[in-house]
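# Geometric and topological summary
Residue strings, one per chain:
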Amino acid sequence: MDGNGRWARRRGHPASFGHRAGVRAIKRVLEGCEQLGVNVLSVYAFSTENWSRPRAEVRALMRLFHETMQREIDEMHRRGVRIVVSGRRDELSQRMRERIDEAIARTARNTNGVLNVCLNYGGRAEIVDAVRRLVAAGADPQQVDEAAITANMYNPDLPDPDLVIRTAGERRVSNFLLWQSAYSEMLVTETLWPDFDVEHLKAAIADYGSRVRRFGGRPEQELRAADGGRRS
């Protein structure tokens with residue numbers, strides 16, 4: 001969700017102003033996902049590297065996360081959205097961990113979509129933590145495969161993302177869902193995150209729908225064409 005700071009600076013405000021506008025964008029996009037049949041929305045709220053930002057900005061972000069969890073949980077629950085959190089929670093404050101636990105427990109049985117909040121999250125950190133769990137469980141090295149690592153991710157029940165959207169023209173993966181997005185489609189838009197809305201989401205999904213996903217292989221129609229149309 002890139003561009004909050006730039007969006008705020010263009011309006012003569014501090015970064016915290018943009019982050020609050022970014023929260024409103026999440027709500028719009030989540031509503032759009034419900035309309036368009038997208039079952040899981042993962043948002044990169046705070047990375048393991050974001051702690052290096054100015055202390056005042058980090059404090060403002062943590063206050064905003066806490067306030068948002070507290071303020072929005074009732075609406076999320078009414079709408080039937082299940083909230084999950086991916087990331088290293090033990091590095092967050094006790095108060096934040098309590099809010100997270102409350103949101104997860106309260107919405108656990110909801111079935112009208114999933115909001116996966118990646119908070120204090122890093123793709124490399126998640127893989128390291130998965131391997132640590134396997135080692136701690138005494139896993140036989142010969143039994144450690146992709147399925148075993150996947151099963152030890154933060155939220156292994158979530159499907160791999162079909163589409164990863166980068167706003168504000170950023171063209172990096174930035175340590176986001178590295179394991180899960182191995183074959184995700186990527187879309188970069190110049191739109192700053194606070195300006196991203198349902199129409200932008202529709203356009204992104206339409207673009208995704210026009211692509212052919214190969215997963216390292218060749219689509220059946222390409223094989224038929226190469227074979228002179230003889231495949232049935």
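Quick summary incoming for the structure in this document. (Residues numbered from 1 in each chain as written. Predicted model: local features only at pLDDT ≥ 70, side-chain atom pairs only at ≥ 80, totals over all residues. Heavy atoms only, no water.)

### Quick notes on the overall build of the protein
Secondary structure summary: the protein contains eight helices and five strands in total. Shown N-terminal to C-terminal, the secondary structure of the protein runs as helices and strands in the order α-α-β-α-β-α-β-α-α-β-β-α-α. Relative to the compact-globule value of 17 Å for 232 residues, the protein shows a C-alpha radius of gyration of 19 Å, a close match. For the protein, with 232 residues in total, the buried portion stands at 43%. Across the protein, the fraction of contacts at a sequence separation of at least 24, relative to all contacts at a separation of at least 6, is 71%. Put simply, the protein shows about 13100 Å² of open surface, and 49% of that area lies on carbon and sulfur atoms. Each charge class in the protein can be summarised by its mean position, and for the 37 positive and 32 negative side chains these summaries are 5 Å apart. (Helix = DSSP H or I, 4+ residues; strand = E, 2+ residues; numbered from the N terminus. Rg over C-alpha atoms; globule rule 2.2 N^0.38 Å. Buried < 20%, exposed > 50% of the residue type's maximum accessible area, 1.4 Å probe, protein only. Contact = heavy atoms within 4.5 Å. Areas by Shrake-Rupley, 256 points an atom, 1.4 Å probe, with all protein chains shown as cover. Lys, Arg positive; Asp, Glu negative; His and termini not counted. Charge placed at Lys NZ, Arg CZ, Asp CG, Glu CD.)

### Concerning the packing of helix α2 (residues 15-36) against helix α7 (residues 198-209)
The interhelical angle for the contact between α2 and α7, taken along N-to-C directions, is 50°, at an axis separation of 9 Å. Taken together, α2 and α7 sit at an angle that is classed as oblique. As for the relative orientation of α2 and α7, their crossing is right-handed in sense. Seen from α2, the contacting residues are R28, V29, G32, C33, Q35 and L36; seen from α7, they are V198, L201, K202 and I205. (Axes fitted to C-alpha atoms, helices over the stretch in contact; angles between N-to-C directions. Parallel < 35°, antiparallel > 145°, perpendicular 65-115°, else oblique. Left-handed = near helix turned anticlockwise from the far one by under 90°.)

### So, the sheet that holds strand β3 (residues 114-121)
One open sheet holds the three strands; their spatial order is β1-β3-β2, and the pairing between them is parallel. If you trace the sheet from one side to the other, it starts and ends with β1 (40-47) and β2 (82-86), each paired once. Looking at each pair of strands side by side, their axes are set apart by 20° on average, direction ignored. Against the sheet, helix α3 (residues 55-78) touches β1, β2 and β3, its axis set at about 155° to β1. (Pairing = 2+ DSSP bridges.)

### Observations regarding a nonpolar patch on the surface
A cluster of nonpolar side chains, contributed by V173, L178 and M186, occupies part of the molecular surface with about 220 Å² of accessible area. The topology assignment puts V173 in the loop between β4 (163-166) and β5 (185-188). Looking at V173, the relative accessible area reads 43%, which means it is partly exposed. (Patch = residues over 30% accessible without salt bridge, like charges linked within 9 Å, V, L, I, M, F, W, Y side chains within 5 Å. Salt bridge = Lys/Arg side-chain N within 4 Å of Asp/Glu carboxyl O.)

### Looking at the packing of aromatic side chains
Throughout the structure, instances matching the rule amount to eight aromatic pairs. Consider the rings of Y121 and F176, whose centres lie 6.5 Å apart with planes at 75°: the pair is edge-to-face. Separated by 55 residues along the polypeptide, Y121 in strand β3 and F176 in the loop between β4 and β5 bring together distant segments of the chain. We note that Y121, like F176, is buried. Arranged with centres 5.4 Å apart and planes meeting at 20°, the rings of W193 and F196 form a pair that is stacked. Side by side, W193 and F196 carry an identical accessibility label, which is buried. An aromatic cluster of three or more residues is present, and its members are Y44, Y121, Y154 and F176. (Phe/Tyr/Trp six-rings, centres within 6.5 Å; stacked < 30°, edge-to-face > 60°.)

### A look at the nonpolar core
Counting residues in hydrophobic clusters, the biggest one holds 29 residues, and the most contacted among them are F65 and L119. Elements with a contribution of two residues or more to this core: α2, β1, α3, β2, α4 (94-107) and β3. If one sorts the elements of this core by residue count, α3 sits on top with seven residues. Setting aside its immediate chain neighbours within four residues, L119 contacts A45, F46, F65, V85, S86, G87, R88, L92, M96 and I100. (Core = buried A, V, L, I, M, F, W, Y, C linked by side-chain atoms within 4.5 Å.)

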